[in-house]
Amino acid sequence: MKVLKFGGTSVGSVESILSLKRIVESQKRPVIVVVSALGGITDKLIATSQLALKGDETYRSEFEAMWKRHQEMAEAVITDAPRRQALQKTIDDLFEELRSIYYGVYLIRDLSAKTQAAIVSYGERLSSHIVAALIDNAERKDARDFIKTEWKHNKHILDSELTNQLVVNTFKDWKATEQVAVVPGFISADKHSGEVTNLGRGGSDYTASILAAALNAEVLEIWTDVNGFMTADPRVIRTAYTIQELSYVEAMELCNFGAKVIYPPTIYPVCVKNIPIRVKNTFNPEHPGTLIKDKIENDRKPIKGISSINGTTLITVTGLSMVGVIGVNRRIFTALADNGVSVFMVSQASSENSTSIGVRDEDAEKAVSVLNREFQKEIETGAMFPMHAESGLATIAIVGENMKHTPGIAGKLFGTLGRSGISVIACAQGASETNISFVVDAKLLRKSLNVLHDSFFLSEYKVLNLFICGIGTVGGHLIEQIRSQYQQLMETRRLKLNVVGIASSRNAIFCRDGIDLATYREQLKASEPSNIAHLRDEVIGMIIFNSVFVDCTASTEVAALYQTFLEHNISVVAANKVAASSDYDSYLKLKETALRRGVKFLFETNVGAGLPIIGTINDLRNSGDKILRIEAVLSGTLNFIFNELSKDVPFSETVHRAKEQGYSEPDPRIDLCGKDVIRKLVILTREAGYKAEQADVEKHLFMPNEFFEGSIDDFWEHLPSLDADFEERRCVLEAAHKRWRFVAKMDHGRTSVSLEAVDEHHPFYGLEGSNNIVLLTTERYREYPMLIQGYGAGAGVTAAGVFANIMSIANI
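Please read all numbers here as calculations on a predicted model, not as lab measurements. (Residues numbered from 1 in each chain as written. Predicted model: local features only at pLDDT ≥ 70, side-chain atom pairs only at ≥ 80, totals over all residues. Heavy atoms only, no water.)

### Describing a nonpolar patch on the surface
Put simply, the test is: Only residues whose relative accessible area exceeds 30% and that form no salt bridge enter a patch; like-charged residues are grouped when within 9 Å of one another, and nonpolar side chains (Val, Leu, Ile, Met, Phe, Trp, Tyr) when within 5 Å. For every accessible area listed, the method is Shrake-Rupley and the probe measures 1.4 Å; residues are considered covered only by the protein chains on display. For salt bridges, the criterion is a side-chain nitrogen of Lys or Arg within 4 Å of an Asp or Glu carboxyl oxygen. Think of it this way: any DSSP run of H or I at least four residues long counts as a helix, any run of E at least two long counts as a strand, and we number them from the N terminus.
Together, Tyr103, Leu107 and Ile108 give the surface a local cluster of nonpolar side chains, amounting to about 330 Å² of exposed area. By secondary structure assignment, the location of Leu107 is in helix H4 (residues 81-108).

The structure is reproduced here in structure tokens:
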């Protein structure tokens, strides 16, 4: 035998109530069906009573609207004419009774608790008559006959012993029948007077649980408008999914912390009898829903769900007199309980000089007043301080019985929050280790839920979420490298590189679940135009855990976003040299922000493409070494140009080749004026521990300044005029067995760039193609400097260097 409970949304429309009929009639009988009032009717009954109490004539139209809704429901769902007419007469009779009660309230302007309880009972009384008439071979049972309450502690509470006895007697012979019993939920009666009472909000769940426990039902099914318990609130977390199984304890914890799937007291009666609860969706009955039971077999997940309570106020009781004094906490909680204030979280320092309690915002003012009054004498003498209340907060709980068997859950929780820039104001965990609760700023609630859900639930892999800006040569190669390595990283490293955003200079696409890298160019073409503000807002607004912004552009506007991203705990990997070579204070601020926020600002490819130059300098310094001098050929473009220069290939032709083969910037003057090398030298000098600005670099250039003025077309037109001079100088150089190299130098912080002739004994002499070379003289490598050499230009190796930076973040 089953007990099925249907909530307000399950009886709120013609579609839903017909679905209820199909669900019930598909069950093996006997079945007990407990129903709530039609969706929204309980609130409407209360609101109408308040209008009548105020003498507002509009209560009549509200009353008539409720009457009309019930009659229309009966007309729509009951096809048998005699049965429909009988039901409509019952509805009319009940509404006539209700009309008299409302009119009485209107006349005498008084609404007692007894009258209010009678009014709200009509919701379930009416809906149960409709459902009983709808289902074939169904019998309506009046809950007031067997759900009994008594007046205790200023409220009506269930008399469990009497109720169980009456339930058993009522259904004693019925269990052997093939019938369906329809019971109005929520309603009860005083065991002495017989007056109508109720079980409180959510009481229909409680009614069903009481019946299931008293009759030893096979299962209690709660039919609602969701598929079951979710890992988080799906209105906040789009990726939340249904939890297949929960223990009673886990379900109770989630209910108490805001998961409004079922009413918390529901669990207790069936838990005692070890009767499982299944939560199902009236609108999706094929979905298996969530099963709640005593023990979960093969349960490996330490965390089952995340729940939250918005509108939290944290009240702190503090004072030196609290230390070691017995009874202070008793006074706190007794005073609050005597005044009807519920506390849902407690956090106390081991020093005992303060206790923080979490209450709902609506109880905060009352709680502060009560506690100030309770400790008035201590406050007057200075032994305690006046109560401090902090509002605008939210409480979050992560729930799971397996936490007690899994070390490191709390560390992962607080580490995730910390890396996301979220401060925890207070926290609490019981010794049972099934719930870790903590308080955060309410403005950070959505972000907290998102990053925790991403971290704990979305994947068995470590996930790195990437925003890639720039799809030119470097960006395009990087995306292809990520696509080709994706599966191998999943299999060998359990690492998922999830590209959630791609932006070009004109368009951008974003997808939290990940973008198909095989078709991203087509998706970009089909997307709406984008701009720098849109890019910033989308990256920050996604609020996704373990996120990295990857800049493969040369844009000053994009580089200006780094500070904002780092402040929002988004790591930055930059092939773009603008930020690291900008004014020193801005560079330092970016580095300090990354350190303070616990994220990364990496730009290895700013110098030497994929060569490990910056990383090596950092490793040397971090291990205690000091960089004394740097000598380097840092421009693959210029090295290519001077290596290509020959009797048959004039200077102007080598510049054309550099551009055509992708070694130079689109405007080669950026390379030829030494600006690119200067920026790289400044970056290396800063990473070596010295303060450096571009303006401080001594420049000895090899082309007249007028070539760097005017348009690019003018430049190309006049460039061949330099060929004869370069050829003459090249011949002299060749006769002396020397070669040109554009050398960047740093000596104890002093910097310079110049075109130098090096002989065949110099390490730079044999540098081929577009290669780069760096000599590092340090305190440890003083006599024999460290040499780093290899490809220093090219989209493929630069993309590989960016990829390596991304992987270094994944390895943290």
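Once the structure has been displayed, the description carries forward.
### Some points on H4
Using the following cut-off: Multiplying 1.5 Å by the helix residue count minus one yields the expected span of that helix. Three exposure classes are used, based on accessible area relative to the maximum for each residue type with a 1.4 Å probe and protein chains only: buried under 20%, partly exposed in between, and exposed over 50%. In protein, a polar contact requires one atom able to donate a hydrogen and another able to accept it; more generally it is a pair of N or O atoms within 3.5 Å, and residues adjacent in sequence count only if both atoms are side-chain atoms.
Between its first and last C-alpha, H4 extends 41 Å over 28 residues, near the 40 Å set by a 1.5 Å rise per residue. Within the span of H4, buried status applies to Arg84, Leu87, Gln88, Ile91, Leu94, Phe95, Leu98, Tyr102, Val105 and Tyr106. Sitting at the head of H4, Asp80 places a side-chain oxygen 3.0 Å from the backbone nitrogen of Arg83. Just downstream of H4 lies Arg109, where phi reads positive at about 55°.

### Considerations on unusual backbone geometry
A cis geometry characterises the amide bond from Arg29 onward to Pro30, with omega recorded as 5°. Mapped onto the elements, Pro30 comes out in the loop between helix H1 (14-25) and strand E2 (31-35). Backbone geometry at Asn137 places phi at a positive 60°, although glycine is not the residue there. Of note, Asn216 is a non-glycine position whose phi angle comes to about 50°, a positive value. The exposure class assigned to Asn216 is exposed, which follows from its relative accessible area of 53%.

### Description of the packing of aromatic side chains
Aromatic ring pairs: the centre-centre distance and the angle between the two ring planes describe each pair. What counts here: Ring pairs shown here join Phe, Tyr and Trp side chains whose ring centres sit within 6.5 Å, with only the six-membered ring taken for Trp; geometry is labelled stacked below 30 degrees between planes, edge-to-face above 60, and tilted in between. Here, a charge over a ring is recorded when the distance from Lys NZ or Arg CZ to the ring centre is within 6 Å and its angle to the ring normal is within 35 degrees.
What the rule picks out here adds up to 23 aromatic pairs. Ring plane angle 80° and centroid distance 6.0 Å describe the contact between Phe63 and Tyr102, whose orientation is recorded as edge-to-face. Of this pair, Phe63 sits in helix H3 (residues 59-77) while Tyr102 sits in helix H4, and the two are 39 residues apart along the sequence. The pair Phe63 / Tyr102 is uniform in exposure class, with both members buried. Ring centres 5.7 Å apart and planes at 75° place the aromatic pair Phe702 and Phe742 in the edge-to-face group. Taken as a pair, Phe702 in the loop between strand E26 (698-700) and helix H26 (712-718) and Phe742 in strand E27 (residues 738-747) lie far apart in primary sequence, 40 residues in all. One aromatic cluster is present, formed by Tyr59, Phe63, Trp67, Phe95, Tyr102, Tyr103 and Tyr106 through successive ring pairs. We note Arg109 situated over the ring of Tyr106; from NZ or CZ to the ring centre the distance is 4.9 Å.

### Structural notes on the environment of Arg144
Note the threshold: It only takes one pair of heavy atoms within 4.5 Å for two residues to be counted as in contact.
Mapped onto the elements of the fold, Arg144 is located in the loop between strand E3 (138-140) and strand E4 (148-152). Residues Arg144 and Val196 lie 52 residues apart in sequence; the distance between their C-alpha atoms is 7.2 Å. Setting aside chain neighbours within four positions, we find Arg144 in contact with Arg125, Ile187, Ser188, Ala189 and Val196. Within the structure, the side chain of Arg144 is placed 2.7 Å from the side chain of Asp142, a separation counted as a polar contact.

### Observations regarding the packing of helix H15 (residues 473-493) against helix H28 (residues 795-810)
For the record, the criterion: Only C-alpha atoms enter the line fits that serve as axes; for helices the fit covers just the stretch in contact. Angles between N-to-C directions range over 0 to 180 degrees. Each angle gets one of four labels, with under 35 degrees taken as roughly parallel, over 145 as roughly antiparallel, 65 to 115 as roughly perpendicular, and the rest as oblique. Crossings are assigned a handedness: left-handed for a near helix turned anticlockwise from the far helix by less than a right angle, right-handed for a clockwise turn. Side-chain classes are defined by residue name, with Ala, Val, Leu, Ile, Met, Phe, Trp, Tyr, Cys and Pro counting as nonpolar, Asp, Glu, Lys and Arg as charged, and the others, Gly among them, as polar.
H28 packs onto H15 with a crossing angle of 45° between their chain directions and a minimal axis gap of 9 Å. Considering the angle they form, H15 stands oblique to H28. Remark: the crossing between H15 and H28 carries right-handed chirality. On H28, the residues touching Thr473, Val474, His477, Leu478, Gln481, Ile482, Gln485, Leu489 and Arg493 of H15 are Ala795, Gly796, Thr798, Ala799, Ala800, Val802, Phe803, Ile806 and Met807. For the contact of H15 with H28, the per-class residue count stands at eleven nonpolar, six polar and one charged.

### Focus on the environment of Gly636
Locating Gly636 in the fold gives a position in helix H22 (residues 636-644). With 412 residues separating them along the chain, Gly636 and Thr224 place their C-alpha atoms 66 Å apart. With residues near it in sequence (within four places) discarded, Gly636 still touches Gly769, Ser770, Asn771, Asn772 and Ala793.

### A short note on the sheet that holds strand E5 (residues 155-158)
Stated precisely, the cut-off is as follows: Here, any two strands with at least 2 DSSP bridges between them count as paired.
Spatially, the four strands line up as an open sheet ordered E5-E4-E7-E8, and their pairing is mixed. With partners counted over all chains shown, the strands left at the sheet margins are E5 and strand E8 (196-198), one partner each. If you compare each strand with its neighbour and ignore which way they point, the axes differ by 50° on average. The strands touched by helix H5 (residues 113-134) within the sheet are strand E7 (187-190) and E8, with E8 carrying the most contacts at an inclination of about 75°.

### Observations regarding the sheet that holds strand E25 (residues 627-633)
Taking strand neighbours across the sheet as the criterion, the six strands line up as E26-E28-E27-E25-E29-E30 in an open arrangement whose pairing is mixed. Across the chains shown, the open sheet's two edge strands, defined by having one partner strand only, are E26 and strand E30 (786-791). With direction set aside, neighbouring strand axes in the sheet form an average angle of 20°. Where E27 meets strand E28 (residues 750-759), ten bridges bridge the pair, whose relative direction is antiparallel. From the neighbouring strand, Phe742 faces E28, where its bridge partner is Leu755. Its contacts with the sheet place helix H21 (residues 613-622) against E25, strand E29 (771-778) and E30, and it is angled at close to 10° to E29.

### A few points about the side chain of Ser128
Its location among the elements puts Ser128 in helix H5. With a relative accessible area of 0%, Ser128 lands in the buried category. Only 2.9 Å separates the side chain of Ser128 from the backbone oxygen of Arg125, close enough to count as a polar contact. Those residues within four positions of Ser128 in sequence are excluded, and the remaining contacts are Val35, Arg140, Val182, Val183 and Pro184.

### As for the pattern of salt bridges
For side chains of opposite charge, pairing can occur when their charged atoms come near one another. Evaluation of the coordinates by the stated rule reveals 43 salt bridges. In this structure, Glu64 and Arg99 form a salt bridge, with 3.3 Å as the shortest nitrogen-oxygen distance. With a gap of 35 residues between them, Glu64 in helix H3 and Arg99 in helix H4 connect regions that are remote in the sequence. Here Asp537 and Arg536 are joined by a salt bridge, their closest N and O atoms 3.0 Å apart. Overall, the relative accessible area of 44% leaves Asp537 in the partly exposed class. Overlapping salt bridges, with partners in common, bring together Glu150, Lys152, Asp159 and Lys191 in one network.

### Some points on the pairing of E4
The pairing of E4 with E7 spans two bridges and is classified as parallel. Each bridged residue has a counterpart across the sheet, and for Lys148 the counterpart in E7 is Ala189. Relative to E5, E4 runs antiparallel, the two sharing four bridges. Looking at E5, one finds that Lys152 is bridged to Lys155.

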